[in-house]
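Coordinate analysis (summary)
The lines below spell out each chain.
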Amino acid sequence: MKTPGEVLREGELEKRSDSLFQLWKKKRGVLTPDRLSLFPTGPGARPKELRFHSILKVDCVERTGKYVYFTIVTTDRKEIDFRCAGESCWNAAITLALIDFQNRRALQDFRSRQEHAAPAAQPEAGTARAP
C-alpha cells in the first residue's frame, strides 16, 4: 500500500503559462500517490499542487522529437499544458498514479456503501427467517 507522502517520481518538467505569451516554464515536479506538486525554479516561491481528486484525466499526449506534450484536465474542465523530455515519461507516471488513486477511491466508496447497506440487510431481532 502506498502512503500519501511517498515520492513516486521527482524531476524536471515544463508547464505552459497562462499569460498572453504562453511561455514554457521549468518546474521541479514531485509525484506522490495523491498529487502532483510543481515547484518553481526561483527560491522562496510556493509550489502549486494538483491533487488527484481534482484531476479528471491526462490527455492529448503527443511526441515530437525532443519532447512529449500532454494536458492535465481538471474536474472543472480547466486544461493545463505540460511538456517533458521524451525519455522522462512523466505523462505515463502521472497517468498510472492517477488511475491508482481513482481505483483506491472507488474501492473506498464501494466498501463504504457496503458497510451502510449491511445493517439494513440484517433481520430484525425476534423475526424468523424464511427457509
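Residues numbered from 1 in each chain as written. Predicted model: local features only at pLDDT ≥ 70, side-chain atom pairs only at ≥ 80, totals over all residues. Heavy atoms only, no water.

Moving on to the pattern of salt bridges. Taken as a whole and judged by the stated rule, the model has 9 salt bridges. With a shortest N-O distance of 3.0 Å, Glu14 and Arg83 are connected by a salt bridge. Residue Glu14 is located in strand S1 (residues 9-16), and its partner Arg83 is located in strand S7 (residues 79-85); the two are separated by 69 residues in the primary sequence. With respect to class, Glu14 is no different from Arg83; both count as buried. With its nearest N and O atoms 3.3 Å apart, the salt bridge here joins Asp100 to Arg104. (Salt bridge = Lys/Arg side-chain N within 4 Å of Asp/Glu carboxyl O. Helix = DSSP H or I, 4+ residues; strand = E, 2+ residues; numbered from the N terminus. Buried < 20%, exposed > 50% of the residue type's maximum accessible area, 1.4 Å probe, protein only.)

The final tally for this structure, using the stated rule, is 4 aromatic pairs. Taking the centre distance of 5.8 Å and the plane angle of 65° together, the rings of Trp24 and Tyr69 count as edge-to-face. Remark: Tyr69 occurs in strand S6 (residues 67-74) and Trp24 occurs in strand S2 (residues 24-32); sequence separation between them is 45 residues. Through pairs of rings, three or more aromatic residues link up here, namely Trp24, Tyr67 and Tyr69. Over the face of the ring belonging to Trp90 we find Arg9, whose NZ or CZ atom lies 5.5 Å from the ring centre. Positioned over the ring face of Tyr67 is Arg83, at 4.2 Å from the centre of the ring. (Phe/Tyr/Trp six-rings, centres within 6.5 Å; stacked < 30°, edge-to-face > 60°. Lys NZ or Arg CZ within 6 Å of the ring centre and 35° of its normal.)

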